[in-house]
Amino acid sequence: MEDKASAYWDKCKDLLRGELTESAFRTWFAGIEPLSFENGVLKLQLQSQFVAEYIEDNYSSLLGRVLFRVCGPGTRLEYRIPIDSTSGIGITTYSQGVEQEKLLLARPPQSPASVAKQMQEPQLPQLDSRLNPSQTFDSFVQGEVNRMARTVALSVARNPGKTAFNPLFIYGGSGVGKTHLLNAIGNQVKALYPDKRVLYFSANDFKMQYMAASQNNKLADFLGFYQSIDVLLMDDIQFIKNLDRTQEVFFHIFNHLHQSGKQIVLASDKSPLEIKDVDERLITRFKWGFSGELHRPDFSLRRDILKNKVERDGVSLSDEVIDFIAKNVRDNVRDLEGVLASLLAYSTLSDEQISLDLAERVVNQLVDVTIATITVNNIMDAVCEEFGVTTEQILSLSRQKEVAQARQVGMYLTRKLLNKPLIEIGNCFGGRTHATVLHAISCVKEEMSVAPVFKRQVTRLESRLVK
């Protein structure tokens, strides 16, 4: 009977494919497996309860007509959805779990006019993309710690859905620029492709909308809306943890969009591997494309962000003030912008010119500042601790690999953080020549460009030193 069921279902699929868009067919019908045909009942195995409910709500009439044409009048269709008996999570093996059944009677075909009306694609309404117009690639300041993520994001924005970076998964701590990058992608897509439907939203938005749709029997409208999106930008994806039904719905929306060649961009405070209490099927899909980390901005990037901000706002700030803020406001970009806004407000309200003294007073009120001067000894100690070597080894003539690399990193950080002359750096590291220091700095930069683990190690050292 299984061969007969397969033959019947193959004919049904051919008719369904002719009535539906390719993406709709792949999403809802391609994964259905025929089980048996016996006593006028065609039994099919569906992937989940959610798929069964969606097909019943949206395609029951069409499926009834197709069944009538292939199998004749009086044929019944029986859905079987394997359900794991302990967790309630759908499984793919029919022989396991507890079975639930749904019945659908074959219906006679409707008139051609009725069918045409039912299959007519509705005109999609205008969409508020919910993008922040000020958050663009131009206003996103690039540095070593965010270069890769920005580059990939720009590539996605120029060719949404047509790169290997789908989905694009951006992660990092609070205030490092994840939301800015999501909005930058959306704004760039809208500028290049005005007709594309772009939506920025948070996981919490999605959860609340899904709950409202379920309570008001508007689940079909909810799904239809999200499946119409061309570029989906979802922030704080980690907040769908422990929400089984919400995850199930998002899983099917994700599949539909991905199979349709639509672009998906997700942001989280953790990498896919670190997210807990989220369905493994979703975690696997998060890792399909590219995962890019945004690190906490280093001193150089913080300074560039401040300079970019004051330039855009038309404010005059001395390098001395900018450097003071950059050295002491270290956690994230939001804190930098908040301190700068407060400094401008204090200056305006008190009619006092912005000076280093005023900056110190404002910063001390807003962040915990411990004024510390970085020295070569500080750098040397941090490098020794990180690489497990001694100061004596760094200053020696040893060419042992770990010692040589630690020495080179020390020279690189001394140049970057203290901007000392090359000759002076050489003297501090055991009497090395100008050329040796230059070579060391070049070696560290080259290694950072090809070795992510080494790059993270150097970035971590720098962050620790500028705290």
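Everything discussed here concerns the structure shown above.
Quick summary incoming for the structure in this document. What you see is a predicted model, and the numbers here were worked out from it, not measured in a lab.

The next thing to look at is the pairing of strand β6 (residues 198–202). Within β6, 5 of the 5 residues are buried, which leaves the element mostly enclosed by the surrounding structure. Burial along β6 is two-sided: Val198, Tyr200 and Ser202 facing one way and Leu199 and Phe201 facing the other are all buried.

Looking now at the sheet that holds β6. The sheet built from 5 strands is open, its strands ordered β6-β7-β8-β5-β9 with parallel pairing. Both edges of this open sheet fall to β6 and β9 (290–294), since each of them pairs with a single strand only. When strand polarity is set aside, the average angle formed by the axes of neighbouring strands in this sheet is 15°. Two elements, β6 and strand β7 (residues 231–235), share 5 bridges in a ladder whose sense is parallel. If you follow Val198 over to β7, its bridge partner there is Val231. On the sheet, helix α9 (residues 244–259) packs against β7 and β8 (263–268) and is oriented at approximately 140° with respect to β8.

All right, on to helix α19 (residues 434–450) then. End to end, α19 covers 25 Å across 17 residues, agreeing with the expected 24 Å (1.5 Å per residue, within 8%). Residues of α19 that are buried sit in contact with α17 (401–418), α18 (422–428) and α20 (452–466).

Let us look at the nonpolar core. Residues Phe29, Ile55, Phe222, Met234, Phe250 and Phe286 are the most contacted members of the largest nonpolar core, which totals 60 residues. At 12 residues, helix α3 (residues 49–71) tops the list of elements feeding residues into this core. The residues contacting Met234, other than those within four sequence positions of it, are Leu182, Phe201, Ser202, Ala203, Phe206, Ile240, Phe250, Val265, Leu266 and Ala267. Ranked by size, the runner-up nonpolar core spans 54 residues in total, among them Val333, Leu358, Ala359 and Met411.

A rise of 1.5 Å per residue sets the reference length of helix α11 (residues 299–313), with its 15 residues, at 21 Å; its end C-alpha atoms lie 21 Å apart and thus fit the reference within 8%. Among the residues making up α11, those that are buried are Phe299, Leu301, Arg302, Ile305, Leu306 and Val310. When α11 is viewed along its axis, its buried side chains cluster within an angular range of 165° and face the same direction. Where α11 is buried, its residues touch α12 (319–328), α13 (333–350) and α20. The first or second residue beyond α11 is Gly314, which carries a positive phi of 70°.

With that settled, the discussion passes to the pairing of strand β1 (residues 33–38). Inspection of the sheet shows β1 paired to strand β2 (residues 41–45) by 5 bridges, in the antiparallel sense. Pairing of Glu38 across the sheet is with Val41, part of β2.

Each value, and the rule that gives it
- Residues numbered from 1 in each chain as written.
- Predicted model: local features only at pLDDT ≥ 70, side-chain atom pairs only at ≥ 80, totals over all residues.
- Heavy atoms only, no water.
- Buried < 20%, exposed > 50% of the residue type's maximum accessible area, 1.4 Å probe, protein only.
- Helix = DSSP H or I, 4+ residues; strand = E, 2+ residues; numbered from the N terminus.
- Pairing = 2+ DSSP bridges.
- Axes fitted to C-alpha atoms, helices over the stretch in contact; angles between N-to-C directions.
- Contact = heavy atoms within 4.5 Å.
- Expected span 1.5 Å × (residues − 1).
- Core = buried A, V, L, I, M, F, W, Y, C linked by side-chain atoms within 4.5 Å.
- Arc of directions from axis to C-beta.

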